[in-house]
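A look at the structure
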Amino acid sequence: MPQVASGLGYGILILAVLYFAYLILFGGYTNDEKKRLLVIFWLFLLAAVFWSGFEQAGSSMNLFADRLTDRVVFGMEVPTTWLQSVNPLFIILLAPVFGSLWVRLGSKNPSISAKFTYGLLMLGLGFLVLAWGATFATDGGRVSPMWLIVTYFFHTTGELCLSPVGLSSITKLSPKRLVGQMMGIWFIAAALGNLFAGLVAGRLEELAPDALFWSVALTMSAAGVIAILASPLIRRWVGDVH
């Protein structure tokens, strides 16, 4: 039931807040370590929001591919599941590009907070593309799969900005005796995002696809703007961690 899933999600979020509050208030950490724990909590929230949008790939976006996308190629209808391979393909093609880019930038490499911001904004841009494409799928008409492919491209660039950077930054920011627990927190963010992704996708029963994708795009973009505004403070708290 959606109510049970929603309650579980908010329960996990409350437990995470209490956990970080306990560490900061009673963990016996230095001021710098407390600031970095707050940064980890902030990245945890941003990651949960990101995955709640990104994981629409297996739910609302897959339904869009099944119901509203013209998948006939040379007289054969391509299975919906084949479009799920677009993101992994882009990962294989773009991961070396992003990896070399971060290395080449050297001292000009964007901050951790900036990369999270790029990830959220790219995700929002992808949903804007899909919301636009969904407006053409009316009165039983189907749209080109290129709308989904372009969306997956932007989502992949966002994933490459946020996911590997998040894994690395959590390790570097964590107090030594908490590295294992903080990595667990990072994966809880992914689980929380998946849970809320399912709840969002369930709204397809009451919303048209373009309206749903538009609302997700606005949410991701708003989170990206908030991340931009918080960046100066986060950079100070991160210190010399890159």
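Everything here concerns the structure above.
Residues numbered from 1 in each chain as written. Predicted model: local features only at pLDDT ≥ 70, side-chain atom pairs only at ≥ 80, totals over all residues. Heavy atoms only, no water.

Focus: unusual backbone geometry
- A positive phi angle, close to 50 degrees, is found at Phe74, a residue other than glycine.
- In this structure, Phe74 sits in the loop between β1 (72–73) and β2 (76–77). (Helix = DSSP H or I, 4+ residues; strand = E, 2+ residues; numbered from the N terminus.)

Structural notes on a nonpolar patch on the surface
- On the surface, Leu125, Leu128, Trp214 and Leu218 cluster together into a nonpolar patch covering about 340 Å² of accessible area.
- Going through the elements one at a time, α5 (112–134) and α8 (209–238) are the ones with two or more residues in the nonpolar patch.
- One can find Leu125 in helix α5. (Patch = residues over 30% accessible without salt bridge, like charges linked within 9 Å, V, L, I, M, F, W, Y side chains within 5 Å. Areas by Shrake-Rupley, 256 points an atom, 1.4 Å probe, with all protein chains shown as cover. Salt bridge = Lys/Arg side-chain N within 4 Å of Asp/Glu carboxyl O.)

A look at the nonpolar core
- Ranked by internal contacts, the top residues of the largest apolar core, which has 69 residues, are Leu37, Met61, Phe64, Phe116, Leu148, Met182 and Phe213.
- Of all the secondary structure elements, the ones that give two or more residues to this core are α1 (2–26), α2 (31–54), α3 (60–68), α4 (86–105), α5, α6 (146–173), α7 (179–201) and α8.
- Ignoring anything within four residues of it in the chain, the contact list for Phe213 reads Ser60, Met61, Phe64, Phe127, Leu130, Ala131 and Ala134. (Core = buried A, V, L, I, M, F, W, Y, C linked by side-chain atoms within 4.5 Å. Buried < 20%, exposed > 50% of the residue type's maximum accessible area, 1.4 Å probe, protein only. Contact = heavy atoms within 4.5 Å.)

Here we look at α1
- A rise of 1.5 Å per residue sets the reference length of α1, with its 25 residues, at 36 Å; its end C-alpha atoms lie 36 Å apart and thus fit the reference within 8%.
- Among the residues of α1, Gly9, Ala16, Phe20, Leu23 and Ile24 are the ones counted as buried.
- On its buried face, α1 sits against α2 and α7.
- Just past α1, the residue Gly28 takes up positive phi, approximately 75 degrees. (Expected span 1.5 Å × (residues − 1).)

Notes on the pattern of salt bridges
- According to the stated counting rule, one finds three salt bridges in the structure shown.
- As a salt-bridge pair, Asp66 and Arg71 come within 3.7 Å of each other at their nearest N and O atoms.
- Judged by its relative accessible area of 7%, Arg71 falls in the buried class.
- The partner of Glu77 in a salt bridge is Arg71, with the nearest N and O atoms 3.7 Å apart.
- The exposure class of Glu77 is partly exposed, given its relative accessible area of 49%.
- Within this structure, Asp66, Arg71 and Glu77 form a network of salt bridges that share partners.

Topic: the packing of aromatic side chains
- If you walk through the whole model with that rule in mind, you get 16 aromatic pairs.
- On the numbers, 6.0 Å between centres and 40 degrees between planes, the contact of Tyr22 with Phe26 is tilted. Taken as a pair, Tyr22 and Phe26 lie in helix α1 at a separation of four residues, close to a single helical turn.
- Classification of Phe26 by relative accessible area gives exposed; the value is 60%.
- Pairwise contacts between aromatic rings join Tyr19, Phe20, Phe41 and Phe44 into one cluster.
- The lysine or arginine in question, Lys115, covers the ring of Trp102, its NZ or CZ lying 4.2 Å from the ring centre. (Phe/Tyr/Trp six-rings, centres within 6.5 Å; stacked < 30°, edge-to-face > 60°. Lys NZ or Arg CZ within 6 Å of the ring centre and 35° of its normal.)

Some details on the environment of Pro2
- Relative to the elements of secondary structure, Pro2 occurs in helix α1.
- Sequence separation of Pro2 and Leu94 is 92 residues, and the distance between their C-alpha atoms is 36 Å.

Some thoughts on the packing of α2 against α6
- In contact at an axis separation of 11 Å, α2 and α6 are set at 155 degrees when each is read in the N-to-C sense. On the basis of the axis angle, α2 is roughly antiparallel to α6. The handedness of the crossing between α2 and α6 is left-handed. Contact residues: Arg36, Val39, Ile40, Leu43, Phe50, Trp51 and Phe54 in α2; His155, Gly158, Glu159, Leu162, Ser163, Ser169, Ile170 and Leu173 in α6.
- The residue inventory of the contact of α2 with α6, partitioned by class, reads nine nonpolar, four polar and two charged. (Axes fitted to C-alpha atoms, helices over the stretch in contact; angles between N-to-C directions. Parallel < 35°, antiparallel > 145°, perpendicular 65-115°, else oblique. Left-handed = near helix turned anticlockwise from the far one by under 90°. Nonpolar A, V, L, I, M, F, W, Y, C, P; charged D, E, K, R; others polar.)

Focus: α7
- The end-to-end C-alpha distance of α7 is 33 Å, a good match for the 33 Å that 23 residues give at a rise of 1.5 Å each.
- Turning to α7, its buried residues number three or more, namely Met182, Met183, Ile185, Trp186, Ala189, Leu192, Gly193, Leu195, Phe196, Ala197 and Ala201.
- Among the structural elements, α1, α2, α3, α5 and α6 are those in contact with the buried residues of α7.

Digging into the packing of α5 against α8
- Contact geometry for α5 and α8: axes closest at 8 Å, N-to-C directions at 170 degrees. Taken together, the axis directions place α5 and α8 in an arrangement best described as roughly antiparallel. Taken as a pair, α5 and α8 cross one another with a handedness that is left-handed.

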